[in-house]
Amino acid sequence: MRKFNVAVVGATGAVGEELFRVMEAYDFPVNNIIPLASANSAGSKIEYRNKEYTVLELTEEVFEANDVEIAFFSAGGSISEKFAKFAVEAGAVVIDNTSHFRMDPTIPLVVPEVNPEDIKLWRETGIIANPNCSTIQMVLSLKPLDDLYGIKRVDVSTYQAVSGAGKAGMEELVKQMQAFFAFNLDESEKQAFAHQIALNVIPQIDVAQENGFTKEEMKMVNETQKILHKNIQVAATCVRVPVLRSHSESITVTFEDGVDVDLSAVRNSLSSFENVEVLDDLANNLYPMPIISTDTDTTYVGRIRKDVYAPNVIHYFNVADQVRVGAATNSVRIALKWIELENEF
């Protein structure tokens, strides 16, 4: 297989570090690694396959100077807005993990198991967008269900880990818990979150919108519709919880009118879908939890049950490692599918 020169923008961040782990796990066809970050991080080292690479400063010229062919961007929307075009001009395909390009109608928004055909649209701009972490794990479970019965509406409440706010979020939770056990939690600083996160839940992620939802919640609405190519009604409530890693979601799906759900068919459709695993035995305490999903590339689904009142409604619980499934792993899977599709021509 042909090997590629791969740049990682945001190489020293949480998702950047995970990208290297995932690429190694998936035996990604790497010719050379070009880790990129701000001037403050330039000169530091990262390790990939037992070899050290020096982090270079992200500049307009660095992509062409290093013959970059695939560029993963995970350094924030403003960085992608400014520098992605230079990677494209240098001949690279950009796989962007920020929100900046997601709703651009000229740029494909991809979960490879769900809408791989959209990757072919990359040629228009040179960019493929990686969806929001909560959206990715949700559509991985929605796609087989939509294929089975046709989805009319989705209502979802998320329980999102602090690592969704990066290293700063994880550090803040740990420090506040340490402060709690030292009996001085009131003095702990709040920087990553607006409120204390230790021993608390915060029913707001991202900024408020005019309609009363948050930006994070509307991402789930708009991105789900774009990925599934269907005007499904989606209502989300996104909550930050004191869990280090892996997002959980409580999902209610309303199928088309007239559907009488067969739970065996639902379980079969989910368990046979790529990278989805059903853990659903309530009597024996078996269901998805963050400690099960963390450090895996699987979306776990459980607590599957039919609504008490409506035959076309089901409820279930959905958990995935949002740093991997919701970011790094999905990006690598996009790149591998892109390589596969390019080899067809």
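Here is what the cut-offs are and how they apply
- Residues numbered from 1 in each chain as written.
- Predicted model: local features only at pLDDT ≥ 70, side-chain atom pairs only at ≥ 80, totals over all residues.
- Heavy atoms only, no water.
- Core = buried A, V, L, I, M, F, W, Y, C linked by side-chain atoms within 4.5 Å.
- Buried < 20%, exposed > 50% of the residue type's maximum accessible area, 1.4 Å probe, protein only.
- Helix = DSSP H or I, 4+ residues; strand = E, 2+ residues; numbered from the N terminus.
- Contact = heavy atoms within 4.5 Å.
- Pairing = 2+ DSSP bridges.
- Axes fitted to C-alpha atoms, helices over the stretch in contact; angles between N-to-C directions.
- Parallel < 35°, antiparallel > 145°, perpendicular 65-115°, else oblique.
- Nonpolar A, V, L, I, M, F, W, Y, C, P; charged D, E, K, R; others polar.

A. Highlighting the nonpolar core. Of all hydrophobic cores here, the largest spans 57 residues; its most connected members are Phe63, Phe73, Leu145, Val253 and Tyr316. The element that contributes the greatest number of residues to this core is helix 4 (residues 133-149), accounting for six residues. Residues in contact with Phe73, not counting those within four places in the same chain, are Val9, Phe63, Ile79, Ser80, Phe83, Ala84, Ala87, Val94, Ile95, Asp96, Asn97 and Thr98. Listed in part, the 31 residues of the second largest apolar core include Ala11, Ile33, Tyr53 and Phe72.

B. Examining the sheet that holds strand 11 (residues 247-255) more closely. Here six strands make up an open sheet; going across it, the order is 10-9-11-14-13-12 and the pairing mixed. Each edge of the open sheet is held by one strand with a lone partner, namely strand 10 (233-240) and strand 12 (276-278). Shown here is a sheet whose adjacent strand axes are inclined to one another by a mean of 20 degrees, direction ignored. Where strand 13 (residues 299-306) lies against strand 14 (residues 313-320), five bridges are found, and the strand directions are antiparallel.

C. Region of interest: the pairing of strand 4 (residues 51-54). The sheet contact formed by strand 3 (residues 45-48) and strand 4 spans four bridges and is antiparallel. Counted as the bridge partner of Glu47 is Glu52 from strand 4. In textbook terms, the turn of a hairpin is the stretch between consecutive antiparallel strands, and for strand 3 and strand 4 this stretch comprises two residues, one of which, Arg49, has a positive phi near 50 degrees.

D. Main features of the packing of helix 4 against helix 9 (residues 324-343). Look at helix 4 against helix 9: their axes get within 8 Å of each other, and the N-to-C directions meet at 85 degrees. The orientation of helix 4 relative to helix 9 falls into the category roughly perpendicular. Between helix 4, through Cys133, Ile136 and Leu140, and helix 9, the contact on the second element is made entirely by Val325, Gly326, Ala327 and Asn330. Looking at the contact of helix 4 with helix 9 residue by residue, the classes come out as five nonpolar, two polar and no charged.

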